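# Summary of the model geometry
This is what each chain is made of:
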Number of protein chains: 4
Amino acid sequence: MQDEIGRTAAAGSETGRVEAFSDGVFAIAITLLVLDLKVPREIADGHLTEELLHLWPSYLAFLASFLTIGVMWINHHRLFTLIKRCDHTLLILNGLLLFGVTVVPFPTGLVAGFLGRPDARVAAVVYNGTFVLLAVFFNVLWRHASHNNRLFAPDADRDVIRGITRQYMFGPLYYLVACALALVSVPASLGFNILLAFFFALPGVRLPERRPG
Amino acid sequence: MQDEIGRTAAAGSETGRVEAFSDGVFAIAITLLVLDLKVPREIADGHLTEELLHLWPSYLAFLASFLTIGVMWINHHRLFTLIKRCDHTLLILNGLLLFGVTVVPFPTGLVAGFLGRPDARVAAVVYNGTFVLLAVFFNVLWRHASHNNRLFAPDADRDVIRGITRQYMFGPLYYLVACALALVSVPASLGFNILLAFFFALPGVRLPERRPG
Amino acid sequence: MQDEIGRTAAAGSETGRVEAFSDGVFAIAITLLVLDLKVPREIADGHLTEELLHLWPSYLAFLASFLTIGVMWINHHRLFTLIKRCDHTLLILNGLLLFGVTVVPFPTGLVAGFLGRPDARVAAVVYNGTFVLLAVFFNVLWRHASHNNRLFAPDADRDVIRGITRQYMFGPLYYLVACALALVSVPASLGFNILLAFFFALPGVRLPERRPG
Amino acid sequence: MQDEIGRTAAAGSETGRVEAFSDGVFAIAITLLVLDLKVPREIADGHLTEELLHLWPSYLAFLASFLTIGVMWINHHRLFTLIKRCDHTLLILNGLLLFGVTVVPFPTGLVAGFLGRPDARVAAVVYNGTFVLLAVFFNVLWRHASHNNRLFAPDADRDVIRGITRQYMFGPLYYLVACALALVSVPASLGFNILLAFFFALPGVRLPERRPG
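Definitions and limits used
- Here the residue index of a chain counts from 1 through its sequence in written order.
- A letter from A marks each chain and a number from 1 marks each ligand, given out in the order of writing.
- Whole-chain, interface and lining totals are the exception, using all residues; otherwise, since this is a predicted model, local features are given only for residues with pLDDT of at least 70 and side-chain atom pairs are given and counted only at 80 or more.
- Helix and strand labels come from DSSP, where a helix needs a run of H or I of at least four residues and a strand needs a run of E of at least two; each type is numbered from the N terminus.
- Residues are treated as contacting if the C-beta atoms built from their backbones sit within 7 Å of each other.
- Axis definition: a line fit to C-alpha positions, over the contact stretch in the case of helices; interaxial angles, taken between N-to-C directions, run 0 to 180 degrees.
- Oblique is the label for any angle not under 35 degrees, not over 145, and not in the 65 to 115 range, which are roughly parallel, roughly antiparallel and roughly perpendicular in turn.
- Definitions for this section: a left-handed crossing has its near helix turned counterclockwise from the far helix by less than a right angle. A right-handed crossing has that turn clockwise.
- In the scheme used here, Gly and all other residues not listed as nonpolar or charged are polar, with Ala, Val, Leu, Ile, Met, Phe, Trp, Tyr, Cys and Pro taken as nonpolar and Asp, Glu, Lys and Arg as charged.
- Here, expected helix span is obtained from the residue count minus one, scaled by 1.5 Å.
- In this scheme the burial state of a residue depends on its C-beta neighbours within 10 Å: 20 or more other such atoms mean buried, 12 or fewer mean exposed, and anything in between means partly exposed; the C-beta positions come from the backbone.
- What pLDDT reports is the predictor's confidence in each residue, on a scale of 0 through 100.

This next bit is on the overall build of chain A. Counting its regular elements, chain A contains ten helices and zero strands. Traced from its N-terminal end to its C-terminal end, chain A shows the element sequence α-α-α-α-α-α-α-α-α-α. Considering only intrachain contacts with a sequence separation of at least 6, the fraction spanning at least 24 residues in chain A is 79%.

Okay, here's the thing in structure tokens:
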């Protein structure tokens, strides 16, 4: 196996093509979100400003999903600065992660379509349920890679690795909280989503010291 | 010819840009599948959960197509760890393969739209017919590359090559079986599709021994 | 200028990122074509086969456009095995070319929508008019690059260069012929489009001799 | 931090994967613009030419947005020939920039839908407002990177850097002017947009001397 897959020299690294394919999927999923911002049609003259303001649920859903996918990309990028070997299981687990990413535009459209309506809670629970799954997939991939440092470069920073493990561990729990929050207040749960994006945008650990370049 | 094409140094390999373009097409096709998950519109208040459950044919079609395209990407990746030279015929055959990949969202939409309705069989036959074609295209590309080891790196693993040849040989037949199965039971044929994805996700051969990295 | 742009070491080549961006645009444009294959909706039970057969104009337009964009990608790839330096004009001319490529799904949709209807000729003229423009853009880019071998690697093959110049020279004319043909017979003009794709898929010159590797 | 992110050797450079992801987003956003060119449906026979001419607002909006996104890509490319180190803030600021880029198809659709109608001004103000934001994001990213030459290669050309700083400084102001112009005449403001694209396509500085390759 290792032999078979290990020779992806395309980008000078075992994981080069996995990263390229993943970048493509992240980039497309994040850009397709705009298709949920629907240009108002058949409106009375002079009411465009009003109609655009009425689209606020779409803007909010777009923002929360853009931030979440963007931060997932930053985290994927961060993991693959540590992961330098590729095995078959990594391909499968990465595929699972990308499955979750490609799905995101659908629950985003749900939230955009139902925010401010009686079914908003259902939409927000489905939305955050998707993120619970994604947080689980991130953990599984990370655990596979970090088990006995299986797929890391020999010189990978132990502090960084421990920091990421600690940060990811509670990810699924945080998004379960967002799910529960959606049952009480949908706007609050979307706000919490945006907060979580900022939390996961932060690196998992403050390095105790900086080494030269 | 070789001279003309052989100098794609862009990614440090003759096949670098072919892989990059293919990665793009696979990534986009797999991400466009989500556009077939339609957000329910104009439904009565309080019926969103119900409407979402009614969308199960879309979820099943999405899942089967995601797995199939994903596994085709893994196989494309696997082939190009062996294929290290590029000739004009390879460009054409790879184009044929990508043609099949870009088409997939259309039969996926058919299955999503007609599952559980009288025309489901027609949809599932068209769906599996696309995969028969794709399996044929994979075989043709592989045969061109492996004929006299034409396009392989000198040190490509013979066992791996033989394993892939054996695994691919019956691919078109398996999807013909899925086609036939669709005439009897559409859900069974989709289940078989998912099974086939797992089969082709497996590497074609267990290596008798592991060599150091 | 040269200094400013010349340092794109990202992919180990001056033109690396231009190629990557172009690959992305080609890959997306070719994959978006599938969105013009519309899944039939609201049809009577048992009529799906019939409805799918009625979609033949969509399939034909999809095929002709896929082949044309695919072959344009092969040609772009071929040019950038020779073009190894990047200047500002190349960025602009390449942008012009990509402009044409991103437009293609629109006239493709026109042909798919109007083939077999009285307005088919208008659609086919617009369709081939797009390709006339694209052929002009390819010529302009090629002339800029090949003028005094401005942007070529020092060891670029003269025969290959002359062959491409000869092959491209009449490109706009061929597509003007396809335009004219559309006024007489739309299916004939689409057939001619497919023929032209095969013509431009061929390398521009038979090399008189093969050199090792 | 530097340690954590700095090891993206995937493309032989610290910024390789950031550029690859950004290229993906730019390429997809620019190609999705074509989805706003709607094929006319349900028109009377023989009126296609007329209907196509009536779509001029869509063509104009497509052209202005294509040029603007294209030129933003050229500028992104230009910045990353200078930026050779990557820190966490750069990832965030680049994400902000990409946020703006992915949004563009929405205001483009607004302009295409409302040009020539009473609400055209609102659409054009929103359209240019997006570009004001994008110009601000470009400035912020550039200031972060150029502060004490934080992220530049040691041999980055000082003249080029000063030229870019000078060119970008007034970017937000220019697009505010386009906003104001939209209140007077929408076509004039779109024309100004196209002019601005050409302005930002120009390199920021004429180099006083050319150094060998």
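This brings us to the packing of helix α4 (residues 56-82) of chain D against helix α6 (residues 105-114) of chain D. Residue and element names in this part refer to chain D. The contact between α4 and α6 brings their axes to 7 Å, and the two run at 150°. One way to sum up the angle between α4 and α6 is to call them roughly antiparallel. Regarding α4 and α6, the two cross each other, and that crossing is right-handed. Contact with α4, carried on its side by Pro57, Ser58, Ala61 and Ser65, involves Thr108, Val111 and Ala112 of α6 and no other residues of that element. Classifying every residue of the contact of α4 with α6 by side-chain character gives four nonpolar, three polar and no charged.

Right, let's get into unusual backbone geometry. The phi torsion at Asn148 of chain B lies on the positive side, around 55°, for a residue other than glycine. Looking at the element boundaries, Asn148 of chain B is found in the loop between α7 (120-146) and α8 (158-169). Notably, Glu42 of chain D is not glycine yet its phi reads approximately 50°, a positive angle. Its location among the elements puts Glu42 of chain D in the loop between α2 (16-32) and α3 (48-54).

All names here are of chain D. α4 packs onto α2 with a crossing angle of 170° between their chain directions and a minimal axis gap of 10 Å. Of the possible angle classes, the one that applies to α2 and α4 is roughly antiparallel. Two secondary-structure elements touch here, α2 through Glu19, Ser22, Phe26, Ala29 and Ile30 and α4 through Phe66, Ile69, Gly70, Trp73, His76 and Phe80. Its residues placed into classes, the contact of α2 with α4 shows seven nonpolar, three polar and one charged.

Compared with an ideal rise of 1.5 Å per residue, which puts 27 residues at 39 Å, helix α7 (residues 120-146) of chain A spans 39 Å between its outermost C-alpha atoms and is within 8% of the ideal. The first or second residue beyond α7 of chain A is Asn148 of chain A, which carries a positive phi of 55°.

Let us look at the environment of Thr102 of chain B. Residues and elements named next belong to chain B. Secondary-structure assignment places Thr102 in helix α5 (residues 88-103). Among the residues examined, Thr102 registers 23 C-beta atoms within 10 Å and is labelled buried. C-alpha separation for the pair Thr102 and Ile69, spaced 33 residues apart in sequence, amounts to 9.8 Å.

Attention now moves to the confidence of the model for chain A. Residues and elements named next belong to chain A. The pLDDT averaged across chain A works out to 85; a share of 89% of its residues lies at or above 70. Every residue in residues 1-12 scores below 50 in pLDDT, and together they form 44 contacts with partners more than four places removed in sequence or on other chains. Ignoring residues within four places in sequence, the model shows residues 205-213, a span with pLDDT below 50, making eleven contacts including any to other chains.

Moving on, we get to helix α6 (residues 105-114) of chain C. Judged by how many residues are buried, α6 of chain C sits mostly within the fold: ten of ten residues are covered. By the burial criterion, the buried members of α6 of chain C are Pro105, Phe106, Pro107, Thr108, Gly109, Leu110, Val111, Ala112, Gly113 and Phe114 of chain C. For α6 of chain C, the elements touching its buried residues are α2 (16-32), α4 (56-82), α5 (88-103) and α7 (120-146) of chain C together with α3 of chain D.

On to the environment of Thr130 of chain C, then. Residue and element names in this part refer to chain C. Here Thr130 is to be found in helix α7. Placed 27 residues apart in sequence, Thr130 and Val103 show a C-alpha to C-alpha distance of 8.0 Å. In this structure, Thr130 is in contact with Gly100, Val103, Val104 and Pro107, ignoring residues within four places of it in sequence.

Once that is clear, we can look at the environment of Leu96 of chain B. Residue and element names in this part refer to chain B. Residue placement: Leu96 occurs in helix α5. Judged by the 17 C-beta atoms lying within 10 Å of it, Leu96 is partly exposed. Along the sequence, Leu96 and Leu134 sit 38 residues apart, while their C-alpha atoms lie 8.7 Å from each other.

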